[in-house]
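Summary of structural features
Spelled out, the chains give:
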Amino acid sequence: MPYGAQQAQAGSPELEAALRAGPFHVALRAAITARGLPLHRVRHHLTRHGVSVGVTSLSYWQQGARRPQRTESLRAVRALEEILELPEESLIRLLAKDEEHAARQRPRTRSYRSLVEASGVLERLLAELGSPPDGGLHTVGRHERVRIGVGRELLGHDSQHIVRAHRDGVDRYVAVHHGDPGCSPEHVSVRALENCRTGRVRRHRETGVVVAELLFDARLRAGDTFLFRYGFEDGTAGPTSEYLRAFGAAGGQYALQVRFADGELPARCHRFTQHSAAAPRGGGQDLALSGPHRSVHLVEPQVRAGILGIGWDWD
């Protein structure tokens, strides 16, 4: 250990603790503070070591808003260890530790296998309820509101749904919730919010699928329209990075809004489509996140059969 590093650690308990426990950005900030260097001077020293890093990047690194990842950035971290008189590999070790932690916390997305399994389970649960694939209803319009919690988990979603009957006697709709990996469907609740009431509910633990009858208290005739609202409360899984909706057939307008908890806004949001669970994702388009309202949305005037959703990156 260089003498300067011993001196810096001995004079700063905060730095010593940060170098021992991390995370990287706390240790970097403590080291810069202990050396009494403004960021423009740190940048100047890095330039003398043959490494170019902007003041903005250095600021992001010490705030934890960004982590050095590229080869040039890792060279800069090694140079910082020397400039700030720190033990060799001390910051690099903390970076690796942070990345391992981030990997454990990284949201899991649904695999092709999970989507196929869920599709088979859904068919079986619908058969148990005696419901045909479309339930005798065509969708005219649907506005879905999704809520993401402070732990980056799916808290729940509400839907305002307008349907039109294409045969006589329809008096119910079967709503579907597909929880994120690791969810507990037995703790997912169904809410009948307007113009409907909850009927039978079926759950499948392995896939996280929940299906629920919503009863209209009226029998529709062919051509009749009906408006109702319902929701699912979840919050039982870990962090998520997407919300998707599968459509078995072409339908009417679909609007999807995702609202994030205060202080937990993603870095980027995008829409995506898939023709089927086996098909590659396409239709990628960046979506603007409304900071003041903590929400992002998409509107599809006429949905097609397949999958449509919004994804986001936390870092």
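Everything numeric in this text was worked out from a predicted model, so none of it was measured. (Residues numbered from 1 in each chain as written. Predicted model: local features only at pLDDT ≥ 70, side-chain atom pairs only at ≥ 80, totals over all residues. Heavy atoms only, no water.)

Points about the overall build of the chain
Regarding its fold elements, the chain presents 8 helices and 13 strands. For the chain, whose C-alpha radius of gyration is 26 Å, the value lies well above the compact-globule estimate of 20 Å for 315 residues. Counting only C-alpha atoms, the chain reaches 85 × 35 × 35 Å along its principal axes. With 315 residues in all, the chain has 44% of them scored as buried. Restricting to contacts in the chain with at least 6 residues of sequence separation, those with at least 24 account for 71%. For the chain, the accessible surface area stands at approximately 16200 Å², while carbon and sulfur atoms represent 48% of it. Here the chain holds 42 positive side-chain charges and 36 negative ones, and the gap between their average locations is 2 Å. (Helix = DSSP H or I, 4+ residues; strand = E, 2+ residues; numbered from the N terminus. Rg over C-alpha atoms; globule rule 2.2 N^0.38 Å. Buried < 20%, exposed > 50% of the residue type's maximum accessible area, 1.4 Å probe, protein only. Contact = heavy atoms within 4.5 Å. Areas by Shrake-Rupley, 256 points an atom, 1.4 Å probe, with all protein chains shown as cover. Lys, Arg positive; Asp, Glu negative; His and termini not counted. Charge placed at Lys NZ, Arg CZ, Asp CG, Glu CD.)

What to know about the confidence of the model for the chain
For the chain, the average pLDDT comes to 88, and 90% of its residues sit at 70 or higher. A low-confidence stretch, residues 1-11 stays under pLDDT 50, and its non-local contacts, those more than four residues away or across chains, total 15 contacts. (pLDDT = per-residue confidence, 0-100.)

Looking at the packing of aromatic side chains
Here the structure, examined in full by the defined rule, presents 10 aromatic pairs. Centroid distance F226 to F228: 6.1 Å. Interplanar angle 35°. Geometry classified as tilted. For the pair formed by F226 and F228, the shared burial category is buried. Aromatic pair Y230 and F232: ring centres 6.4 Å apart, planes at 90°, arrangement edge-to-face. The same class applies to Y230 as to F232, namely buried. One aromatic cluster in this structure is built from Y173, F216, F226, F228, Y230 and F232. A cation over a ring is seen here: R66 above Y60, with NZ or CZ 5.5 Å from the ring centre. The ring of F272 has R281 sitting right over it, with the charged end atom 3.9 Å from the ring centre. (Phe/Tyr/Trp six-rings, centres within 6.5 Å; stacked < 30°, edge-to-face > 60°. Lys NZ or Arg CZ within 6 Å of the ring centre and 35° of its normal.)

Brief notes about the side chain of E213
Its place among the elements puts E213 in strand β6 (residues 209-220). Within the structure, the side chain of E213 is placed 3.0 Å from the side chain of R172, a separation counted as a polar contact. Once residues lying within four places of it in the same chain are set aside, the contact partners of E213 are L129, R172, Y173, V174, R197, T198, G199 and R200. (Polar contact = N/O pair within 3.5 Å; in protein donor to acceptor, adjacent residues only side chain to side chain.)

A word on the side chain of S184
Among the structural elements, S184 can be located in the loop between β3 (170-178) and β4 (189-194). Apart from residues no more than four positions distant in its own chain, S184 is found in contact with R205 and T236.

Some thoughts on the environment of I32
Tracing the backbone through its elements, the reader meets I32 in helix α3 (residues 24-35). Residue classification places I32 among the buried positions, given a relative accessible area of 6%. As a C-alpha pair, I32 and L80 span 48 residues in sequence and 9.3 Å in three-dimensional space. With near-sequence residues (within four places) excluded, I32 lies in contact with L37, L39, V42, Q62 and L84.

What to know about the packing of α3 against helix α5 (residues 55-63)
Direction vectors running N to C along α3 and α5 enclose 115°, while the axes themselves pass 6 Å from each other. Here α3 contributes F24, H25, L28, R29 and I32 to the contact with α5, which in turn contributes W61, Q62 and Q63. Broken down by class, the residue content of the contact of α3 with α5 amounts to 4 nonpolar, 3 polar and 1 charged. (Axes fitted to C-alpha atoms, helices over the stretch in contact; angles between N-to-C directions. Nonpolar A, V, L, I, M, F, W, Y, C, P; charged D, E, K, R; others polar.)

So, α3
Helix length check: α3 (12 residues) gives 17 Å between terminal C-alpha atoms against 16 Å at 1.5 Å per residue, within 8%. Immediately downstream of α3, the backbone of G36 shows phi near 65°, a positive value. (Expected span 1.5 Å × (residues − 1).)

Considerations on the pattern of salt bridges
A pair can form between side chains of opposite charge whenever their charged atoms are brought close. One pass over the full model with this rule turns up 21 salt bridges. Between E128 and R202 there is a salt bridge whose closest N-O contact spans 3.5 Å. Of this pair, E128 sits in helix α8 (residues 112-128) while R202 sits in strand β5 (residues 197-204), and the two are 74 residues apart along the sequence. Salt-bridge contacts for R205 lead to E186; the nearest nitrogen and oxygen are separated by 2.7 Å. With a gap of 19 residues between them, R205 in the loop between β5 and β6 and E186 in the loop between β3 and β4 connect regions that are remote in the sequence. On the basis of relative accessibility, which here comes to 42%, the residue E186 falls in the partly exposed class. Three or more residues joined by partner-sharing salt bridges are found here, namely D171, R172, R200, E213 and R219. (Salt bridge = Lys/Arg side-chain N within 4 Å of Asp/Glu carboxyl O.)

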